[in-house]
Amino acid sequence: MDTSSENMESQRQTLKLVTPLTLGRYHISEEYGFLLQNPLKELPEQYRSWMEIASELPHLIESRQLRAHVYKMPLLDCRFLKSHREQRLAHLVLAAITMGFVWQEGETQPPKVLPRTLAIPFVEVSRKLGLPPILVHSDLVLTNWTKRNPEGPWEISNLETIVSFPGGESLQAFVLVTVLVEKAAAPGIKALVRGVEALLQHNQDTLLQALQQLRLSIQDMTKALAQMHDYVDPDIFYTVIRIFLSGWKDNPAMSEGLVYEGVATEPLRYSGGSAAQSSVLQAFDEFLGIQHCKGSDFLHRMRDYMPPSHKAFLDDLHSAPSLRDYVLTSAPSLRDYVLTSGAGCCLMAYNQCVEALAQLRSYHINVVARYIISAASRARSKMPSHPSPHALEDRGTGGTAVLSFLKSVREKTVEAILHPNA
Ligand code: HEM
């Protein structure tokens with residue numbers, strides 16, 4: 001390669017690595033992170049019949065009238081959903097109606113067919129957005145929040161959901177605490193992009209600041225997650241809320257999947273909604289170079305349940321320069337690290353990020369133990385006829401598989417810590 005083509009190649013590399021990591025290109029905001037900025041609360045007038053059902057959803061499900069309403073829904077054309085925010089609200093609304101329709105009678109006897117007046121527009125708007133036709137984290141959390149007082153603080157008391165399910169205040173808080181966790185992650189996402197830039201420019205001071213900012217953000221996420229205990233009742237979560245998040249893939253209650261009438265004759269299978277579909281922790285893992293072998297198939301598969309631009313962000317982060325390599329190669333031997341040197345500070349700051357992430361994952365495991373494992377055993381002892389939690393998808397339904405999966409993810413996080421005297 002001559003010098004000019006070498007230059008061109010290096011320019012191409014730089015462009016490839018720098019250009020894509022501008023947050024705006026991925027529909028990520030510096031202030032809100034992956035949350036949709038100012039989600040809409042209303043759809044255009046022609047979609048009134050959807051909004052009327054969605055606004056009454058908890059009541060229609062609890063009084064077991066939802067299915068009757070869905071059977072009477074007119075078939076509406078999605079062409080008039082012009083903006084991205086309209087399409088996101090339509091996806092949330094149709095997804096919520098779908099979950100209510102499927103699980104209205106609880107875990108037993110779900111329907112085999114989703115009526116065409118719901119299935120056709122749902123699949124159409126899903127195609128427009130590149131999302132699967134089921135309720136995803138991007139619906140329930142990223143698109144499902146509004147501030148009561150726009151100038152007021154980011155606190156549960158100043159937030160409300162746009163679409164709700166049965167479960168009362170616990171349901172509201174389950175969604176809104178997760179919104180607050182996403183919001184707390186926003187400075188971390190911003191720091192991560194700064195960190196990638198600093199790596200490209202070999203700017204150690206900026207890298208150090210970015211890592212410190214990232215650690216603070218992860219710690220704030222843990223504090224936000226802790227509010228789950230203040231506002232969400234574990235028994236309501238387990239016996240009411242969880243059911244409406246269940247999907248129809250690897251789910252013995254719907255082993256055949258669900259026929260989307262008017263779309264395909266064969267049943268389709270999709271996983272249920274989970275914050276494992278959040279892009280935040282996967283972004284941090286990519287940046288910090290944490291690789292999950294055991295459960296990685298599941299985590300990777302969850303990327304297909306994220307908005308495509310967020311998934312693209314994760315893919316591009318994967319091909320960005322390696323922070324771990326940089327930290328490791330900044331000094332010839334880890335034994336020689338002087339922790340007060342620039343490189344030593346970066347190593348320490350890197351480790352602190354990884355430790356904070358492991359602590360967040362440990363905290364999350366405790367949440368899962370309380371909201372799923374203990375709550376499942378209470379439900380069984382109160383109602384021996386209550387279907388075994390294994391009746392639904394094993395992950396997240398009380399099986400021990402979920403704990404060992406989450407522990408292996410945490411273990412891989414801990415293994416990423418670099419030991420200076422190695
Ligand atoms: C009551 C609250 C919560 C419960 C019961 C819960 C439950 C679970 C379960 C069962 C899984 C395993 C995968 C699955 O079944 O989908 C999981 C994974 C996960 N959850 Fe949660 N979760 C809760 C809150 C949150 C919140 C607020 C976040 C933050 C955004 C979060 C982030 C994650 C992530 C990122 C994973 C993937 C595993 C990992 O990367 O460590 N969860 N959760």
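Above this text sits the structure in question.
Here's what I pulled together on the structure shown here. (Residues numbered from 1 in each chain as written. Predicted model: local features only at pLDDT ≥ 70, side-chain atom pairs only at ≥ 80, totals over all residues. Heavy atoms only, no water.)

1. A look at the packing of aromatic side chains
Scanning all chains against the criterion turns up 12 aromatic pairs. Seen from their ring centres, Tyr-47 and Trp-50 are 4.8 Å apart, and the 35° between their planes marks the pair as tilted. Residue class for Trp-50 comes out buried when judged on its relative accessible area of 0%. Between Phe-298 and Phe-405, the ring centres sit 5.4 Å apart and the planes meet at 90°, which makes this aromatic pair edge-to-face. With Phe-298 in helix H12 (residues 296-301) and Phe-405 in helix H16 (residues 400-415), this residue pair connects regions lying 107 residues apart in the sequence. Under the relative-accessibility criterion, Phe-298 is labelled buried at 11%. A residue is classified by how much of its surface remains accessible, and Phe-405, at 11% relative accessible area, is buried. (Phe/Tyr/Trp six-rings, centres within 6.5 Å; stacked < 30°, edge-to-face > 60°. Buried < 20%, exposed > 50% of the residue type's maximum accessible area, 1.4 Å probe, protein only. Helix = DSSP H or I, 4+ residues; strand = E, 2+ residues; numbered from the N terminus.)

2. Some thoughts on the coordination of the iron atom of the ligand
The protein gives the iron atom of the ligand a lone donor atom, His-364 (NE2), placed 2.1 Å from the metal. Of note, His-364 is situated in helix H15 (residues 342-382). (Donors = N, O, S within 2.8 Å, 3.2 Å for Na, K, Ca; no water.)

3. What to know about the environment of Phe-101
Examined against the element boundaries, Phe-101 turns out to sit in helix H5 (residues 84-103). The exposure class assigned to Phe-101 is buried, which follows from its relative accessible area of 0%. A C-alpha to C-alpha distance of 9.7 Å links Phe-101 and Leu-60, two positions 41 residues apart in sequence. With residues up to four places along the chain from it excluded, the contact list for Phe-101 reads Leu-66, Arg-67, Val-70, Tyr-71, Pro-111, Val-113, Leu-114 and Pro-115. (Contact = heavy atoms within 4.5 Å.)

4. Looking at empty space enclosed by the protein
Under the definition given, this model contains 2 cavities of 30 Å³ or more. Empty space within the largest cavity amounts to approximately 1200 Å³. What lines the largest cavity is a set of 46 residues, among which Ser-274, Ala-275, Ala-276, His-364 and Val-368 lie closest to the centre. For the lining of the largest cavity, the elements supplying multiple residues, two or more each, are helix H7 (137-142), helix H8 (168-200), helix H9 (204-231), helix H10 (234-244), helix H11 (280-288), H12, H15 and H16. With 8 residues, the single largest contributor to the lining of the largest cavity is H15. Its residues assigned to classes, the lining of the largest cavity comprises 28 nonpolar, 13 polar and 5 charged. One number sums up the size of the second largest cavity: a volume of about 40 Å³. (1 Å grid on protein atoms, 1.4 Å probe; cavity = no way out; pocket = protein on both sides within 12 Å on 5 of 7 lines; lining within 4 Å. Points joined across faces, edges and corners; volume = space filled by probe spheres on them. Nonpolar A, V, L, I, M, F, W, Y, C, P; charged D, E, K, R; others polar.)

5. Looking at the packing of H9 against H11
The interhelical angle for the contact between H9 and H11, taken along N-to-C directions, is 150°, at an axis separation of 13 Å. The angle between H9 and H11 places the two elements in the roughly antiparallel class. In the packing of H9 onto H11, the handedness of the crossing is left-handed. Contacts between H9 and H11 pair Leu-211, Leu-214, Ile-218 and Met-221 from the former with Val-280, Leu-281, Phe-284, Phe-287 and Leu-288 from the latter. (Axes fitted to C-alpha atoms, helices over the stretch in contact; angles between N-to-C directions. Parallel < 35°, antiparallel > 145°, perpendicular 65-115°, else oblique. Left-handed = near helix turned anticlockwise from the far one by under 90°.)

6. A few points about the layout of surface pockets
Each pocket or cavity is described by its volume, and for the largest pocket that value is around 400 Å³. For the lining of the largest pocket, the elements supplying multiple residues, two or more each, are H11, H12, helix H13 (308-318) and helix H14 (323-329). Sort the elements by how many residues they give to the lining of the largest pocket and H11 lands first, with 5 residues. When the residues that make up the lining of the largest pocket are grouped by side-chain class, the tally is 9 nonpolar, 8 polar and 4 charged. As for the second largest pocket, its lining consists of Tyr-32, Asn-38, Pro-39, Trp-145, Thr-146, Lys-147 and Pro-150. For the lining of the second largest pocket, a count of residues per class yields 4 nonpolar, 2 polar and 1 charged.

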